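Fold and contact review
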Amino acid sequence: MSLSQRPKALLTDVFGTVVDWRSTVEKHLTLSASESLNSSTKSIPSAVRAAASEISWPAVAQLWRNSYYEFTRTYDPGARDKSSFKTVDQHHVEALHTILVDHGLDGLWTDEEVQKISMIWHFLDPWPDSSPGLAQLNGSFVTATLSNGNTSLLSDLARHGSLSYTHIVSAEDFGAYKPHPSVYLGAAKKLGVEPQECALIAAHLGDLKAARGCGYQTVYIERPQEESWSSDETAKAKQEGWVDMWIGLDEGNGGFLEVAKRFGLRN
């Protein structure tokens with residue numbers, strides 16, 4: 001497996017690939033629930049207290065993440081004009097409200113608190129290799145986000161995690177969501193390069209497959225619990241070799257540092 005030509009631009013998925021959304025969101029939900037339940041100034045119904053004492057906050061975090069997948073993959077840009085585009089920020093608030101109602105937790109937090117809690121997606125901690133690896137890649141490539149997260153969210157993540165991208169590119173720019181082709185093609189055009197001069201770095205084979213269908217080269221970084229494809233599908237993809245660069249979970253320096261090393265950059 002090797003890149004057919006050295007790309008000019010490296011674009012990266014963000015959630016799960018660059019940042020560890022799972023541990024950050026789980027901790028934040030757990031802490032926020034504890035603070036609310038132990039507050040001396042809040043009146044929380046007994047049924048809500050009981051439900052909160054039994055709920056698994058890691059499971060809630062996963063449901064929240066699953067709702068994002070469903071939202072972005074079923075969003076039809078042709079069914080609405082660009083001015084009515086619904087952002088991931090909007091979805092995150094609405095989805096958290098729905099999850100709370102569905103699990104008997106409505107009333108644990110006020111609407112204002114739910115809004116504030118939903119902003120945790122702007123402050124996800126990066127994987128240890130992400131910041132130093134991107135810094136190394138920045139010296140030789142145009143680097144950009146290519147995420148379904150809205151622009152303000154991605155900008156906050158870059159600042160929070162010291163992620164030194166040269167460009168912030170969001171699906172919001174194109175009024176669609178990955179895996180819609182307009183996102184991949186629009187990103188290449190925005191950066192002033194051809195799709196074949198781009199490589200997408202992602203921890204999700206579905207994302208890479210869609211990018212490849214638009215002419216991109218592909219770099220896969222394995223991350224814990226991120227791949228939605230089955231182990232058999234993943235093994236088949238690796239055997240078929242359509243991923244141009246495959247970084248294993250415990251390979252070399254890991255993640256983006258290993259990508260930099262593969263490109264011949266000093267670690």
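Residues numbered from 1 in each chain as written. Predicted model: local features only at pLDDT ≥ 70, side-chain atom pairs only at ≥ 80, totals over all residues. Heavy atoms only, no water.

A word on the sheet that holds strand S3 (residues 198-202). Taken in spatial order, the 5 strands make up an open sheet running S2-S1-S3-S4-S5, and their pairing is parallel. Of all strands in the sheet, those with a lone pairing partner are strand S2 (142-145) and strand S5 (245-247), marking the two edges. The average undirected angle you get between the axes of adjacent strands in this sheet is 20°. Taken together, the 4 bridges between strand S1 (residues 9-12) and S2 define a ladder with parallel strand orientation. (Pairing = 2+ DSSP bridges. Helix = DSSP H or I, 4+ residues; strand = E, 2+ residues; numbered from the N terminus. Axes fitted to C-alpha atoms, helices over the stretch in contact; angles between N-to-C directions.)

Moving on, we get to helix H7 (residues 151-160). Residues Leu153, Leu154, Asp156, Leu157 and Ala158 constitute the buried set of H7. Against helix H4 (88-102) and S2 lie the buried residues of H7. (Buried < 20%, exposed > 50% of the residue type's maximum accessible area, 1.4 Å probe, protein only. Contact = heavy atoms within 4.5 Å.)

Taken as a whole, the largest pocket spans an internal volume of roughly 220 Å³. As for the largest pocket, its lining consists of 14 residues, of which Tyr69, Arg73, His204, Gly206 and Asp207 are closest to the centre. For the lining of the largest pocket, the element with the most residues is helix H3 (residues 57-74), which contributes 4 residues. Grouping the constituent residues of the lining of the largest pocket by class yields 5 nonpolar, 4 polar and 5 charged. Counting contributing residues, the lining of the largest pocket receives three or more from each of domain 1 (9-20 + 124-263) and domain 2 (21-121). If you add up the space inside the second largest pocket, you get close to 170 Å³. If you trace the second largest pocket, you find it lined by His28, Ser32, Glu35, Ser36, Ser39, Lys42, Trp109, Glu113, Lys116 and Ile117. When contributions to the lining of the second largest pocket are tallied by element, the ones reaching two or more residues are helix H1 (21-37) and helix H5 (111-118). A total of 4 residues in the lining of the second largest pocket trace back to one element, the largest contributor, which is H1. Classifying every residue of the lining of the second largest pocket by side-chain character gives 2 nonpolar, 4 polar and 4 charged. (1 Å grid on protein atoms, 1.4 Å probe; cavity = no way out; pocket = protein on both sides within 12 Å on 5 of 7 lines; lining within 4 Å. Points joined across faces, edges and corners; volume = space filled by probe spheres on them. Nonpolar A, V, L, I, M, F, W, Y, C, P; charged D, E, K, R; others polar. Domains from an automatic or database assignment.)

Let us now look at the side chain of serine 36. Mapped onto the elements of the fold, serine 36 is located in helix H1. Other than its neighbours up to four places away in sequence, serine 36 contacts Lys42, Ile44, Leu108 and Trp109.

Turning to the pattern of salt bridges, a few remarks are in order. Inspection of every chain in the model, using the stated rule, returns 12 salt bridges. Linking aspartate 156 and arginine 159 is a salt bridge whose minimum nitrogen-to-oxygen distance equals 2.5 Å. Taken together, the residues aspartate 156 and arginine 159, both in helix H7 and 3 residues apart, mark about one turn of the helix. Taken together, the salt bridges that share partners define one network made up of Asp13, Lys178 and Asp207. (Salt bridge = Lys/Arg side-chain N within 4 Å of Asp/Glu carboxyl O.)

Turning to the domain arrangement of the chain, a few remarks are in order. Taken as a whole, the chain is organised into domain 1 (9-20 + 124-263) and domain 2 (21-121). One C-alpha centre belongs to domain 1, the other to domain 2; they are set 26 Å apart. Summed over both partners, the interface of domain 1 with domain 2 comes to about 1900 Å²; 53% of that surface belongs to carbon and sulfur atoms. Contact with domain 2 buries surface across domain 1, with Asp20, Leu124 and Tyr177 losing the most and accounting together for 33% of the total. The salt bridge partner of glutamate 226 is arginine 65, with a shortest N-O separation of 3.9 Å. (Buried area = accessible area lost by both parts, 1.4 Å probe.)

The next subject is the side chain of serine 118. Mapping serine 118 onto the fold places it in helix H5. At 2.6 Å, the side chain of serine 118 forms a polar contact with the backbone oxygen of glutamine 115. Leave out the neighbours within four places in its chain, and serine 118 touches Trp64, His92 and Val93. (Polar contact = N/O pair within 3.5 Å; in protein donor to acceptor, adjacent residues only side chain to side chain.)

Counting through the fold element by element, leucine 265 comes out in the segment after helix H11 (255-262). For leucine 265, a relative accessible area of 16% corresponds to the buried category. On a C-alpha basis, the gap between leucine 265 and glycine 139 in space is 9.0 Å, while along the polypeptide they are 126 residues apart.

Time to look at the pairing of S3. Among the 5 residues that make up S3, 5 are buried, leaving the element largely enclosed by the rest of the structure. Side chains of S3 alternate between two faces, with Cys198, Leu200 and Ala202 and Ala199 and Ile201 buried alike. Bridge analysis of S1 against S3 gives 4 bridges, and the strand direction is parallel. Across the sheet, alanine 9 pairs through a bridge with cysteine 198, a residue of S3.

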